[in-house]
Amino acid sequence: MKKITSLLIGCVLIILGISTHLKAQQNLNWLKNAKVTIVQQLKKAGDTYTPGLNPRSVYPTGKVRLTNNNDWTTGFFPGSLWYGYEMSGDNKLKADARKFTLALDSVQYVTDNHDLGFMLYCSYGNGYRLTNDKIYLPPLKNGAQNLANRFNPTVGAIRSWDFGKWQYPVIIDNMMNLEFLFWSADKFKKPEFAKVAEQHAITTMKNHFREDISSYHVIDYDTLSGRAISKGTYQGLTDESAWARGQAWGLYGYVMSYKETKNKIFLDFAVQIASFIMNHPNTDVDKIPYWDYNVHNNGERAAKDASAGAVIASALLDLSKEVKDGQKYFDYAEFMLKSLSSPEYLAAPNTNNYFLLKHSVGALLYNSEVNTPLNYADYYYLEALLRYANLKNIDLKTIN
């Protein structure tokens, strides 16, 4: 009788184990589909596009908008190829990533742009991280110096643009390029780079945010006094609205700044930005934000911005590791990633001009890149998936 009972218990345990395994497999189906689609799309893209003319978005006519080496988004496609290689181990993606990255050599000499982090760190930085090949280091070193040179100690921030009516414009996007300086400070033994980055984050925290911790897009500074003389927007709905990607840049930037400095004021601030985003009443059920949080959730101006969603998801996953109540940030990010990996946002293989995500917005008020793929949406979507897999201890190379 004891043998029969033991046998029955063993059978039940086996059945429960099989059931649990199948359930776990089913729960990962969305991730498997995303990974397979990503690899197919990126390999096709590598065959379709030409190094030095990287895909940025798609015009309403269906023609692909290509970038040259002076475009702020030019580093995202090579960076996406590197991320595709990282999640798959596919040597074709590695070769394409190298080819498209090295074609950006001239970017290291750009001096009129704050987006050198986007341009170089996303491409050359990932190339060096994944291969340890020193061929990627000189452009990174030169680019970091050019970015640091844009810092004004009176203002306490890095100048963003060299165009427009502003005296000294600083945009919230600039928070993203600080990671390049933090990394370069360590790699190239340039501690002054880290000091510049930390001061920029402090100045931005002081002037860019409202009482509800929503962010302005553009702050103009007086270079003689360092005082903020105007606060407004360039891409948001109004000067006082919360442009969605701007909120995403801020969240990501302060989580990253905390990781790099361990200065708790940055972590506390990131938590407040996350609360604004996660609890906003205008957020749709799929958690992917409309292009501006002050847009009513209907009508022709209520376009979703998958790029903001991807950046937010990636930032929340990083934040989840740094706080005691991190599970809520992980869960929210996981929900967003499942939305982005659904057919509503993730393109079917061999469609979407080989971009990954649909439904992003560049600058709606100028009718520029509305409801279109964007290369930086793809980049941060891939980054978020890699962060997610790492937190879940999932080897994406084994998922097919």
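Higher on the page you've got the structure.
All of these numbers come straight from a predicted model, not from anything done at the bench.

Brief notes about the overall build of the chain
Now for step 1: Looking only at helices and strands, the chain has 13 helices and 9 strands in total.
Now for step 2: Relative to the compact-globule value of 21 Å for 400 residues, the chain shows a C-alpha radius of gyration of 22 Å, a close match.
Now for step 3: The C-alpha extent of the chain, read off along each of the three principal axes, is 90 × 50 × 45 Å.
Now for step 4: Burial statistics for the chain: of 400 residues in total, 58% are counted as buried.

A closer look at helix H2 (residues 29-48)
Now for step 1: Relative to the 28 Å expected for 20 residues at 1.5 Å per residue, H2 spans 28 Å between its end C-alpha atoms, a close match to the ideal helical length.
Now for step 2: For H2, the complete set of buried residues consists of Trp30, Leu31, Lys32, Ala34, Lys35, Thr37, Ile38, Val39, Gln41, Leu42, Ala45 and Gly46.

A word on the sheet that holds strand S7 (residues 228-232)
Now for step 1: Pairing is antiparallel across the open sheet formed by 3 strands, whose spatial order is S5-S6-S7. Each having just a single partner strand, strand S5 (169-171) and S7 make up the two edges of the open sheet. The average undirected angle you get between the axes of adjacent strands in this sheet is 20 degrees.
Now for step 2: As paired strands, strand S6 (residues 218-221) and S7 are joined by 4 bridges and run antiparallel to one another. Considered in S7, the bridge of tyrosine 221 is made with alanine 228.
Now for step 3: Relative to the sheet, helix H8 (residues 191-207) contacts S5, S6 and S7, its axis offset from that of S6 by approximately 105 degrees.

Let's talk about the pattern of salt bridges
A side chain with one charge can pair with a side chain of the opposite charge if their charged atoms come near.
Now for step 1: What the rule picks out here adds up to 23 salt bridges.
Now for step 2: Aspartate 133 is the salt-bridge partner of arginine 98, the closest N and O atoms lying 3.1 Å from each other. With arginine 98 in helix H4 (residues 91-102) and aspartate 133 in the loop between helix H5 (116-131) and helix H6 (137-148), this pair connects stretches of sequence that are 35 residues apart.
Now for step 3: The exposure class of aspartate 133 is partly exposed, given its relative accessible area of 27%.
Now for step 4: Here aspartate 162 makes a salt bridge to arginine 150, at a shortest N to O gap of 2.8 Å. Taken together, the residues span a long stretch of sequence, with aspartate 162 in the loop between strand S4 (157-158) and S5 and arginine 150 in the loop between H6 and strand S3 (151-152) at a distance of 12 residues.

A short note on the nonpolar core
Nonpolar side chains in soluble globular proteins tend to be buried together.
Now for step 1: In this structure, Leu251, Tyr254, Leu316, Tyr380 and Tyr381 are the most contacted members of the largest nonpolar core, which totals 125 residues.
Now for step 2: Ranked by the residues each element gives to this core, the list is headed by helix H13 (residues 375-391), at 11 residues.
Now for step 3: If we ignore the near neighbours within four places in the chain, the residues touching tyrosine 380 are Phe76, Phe118, Cys122, Met176, Trp249, Tyr252, Ala310, Val311 and Ser314.
Now for step 4: By size, the runner-up hydrophobic cluster in this structure holds 7 residues, among which are Val170, Tyr216, Ile219 and Tyr221.

Digging into the side chain of asparagine 146
Now for step 1: Structurally, the position occupied by asparagine 146 is in helix H6.
Now for step 2: By relative accessible area, asparagine 146 is classed as buried at 14%.

Focus: the environment of serine 230
Now for step 1: By the element assignment, serine 230 lies in strand S7.
Now for step 2: Classification of serine 230 as partly exposed rests on a relative accessible area of 31%.
Now for step 3: When the C-alpha positions of serine 230 and proline 169 are compared, they lie 9.4 Å apart, and in sequence the two are 61 residues distant.
Now for step 4: Here serine 230 is in contact with Val218, Ile219 and Asp220, once residues within four sequence places are set aside.

What counts and what doesn't
Residues numbered from 1 in each chain as written. Predicted model: local features only at pLDDT ≥ 70, side-chain atom pairs only at ≥ 80, totals over all residues. Heavy atoms only, no water. Helix = DSSP H or I, 4+ residues; strand = E, 2+ residues; numbered from the N terminus. Rg over C-alpha atoms; globule rule 2.2 N^0.38 Å. Buried < 20%, exposed > 50% of the residue type's maximum accessible area, 1.4 Å probe, protein only. Expected span 1.5 Å × (residues − 1). Pairing = 2+ DSSP bridges. Axes fitted to C-alpha atoms, helices over the stretch in contact; angles between N-to-C directions. Contact = heavy atoms within 4.5 Å. Salt bridge = Lys/Arg side-chain N within 4 Å of Asp/Glu carboxyl O. Core = buried A, V, L, I, M, F, W, Y, C linked by side-chain atoms within 4.5 Å.

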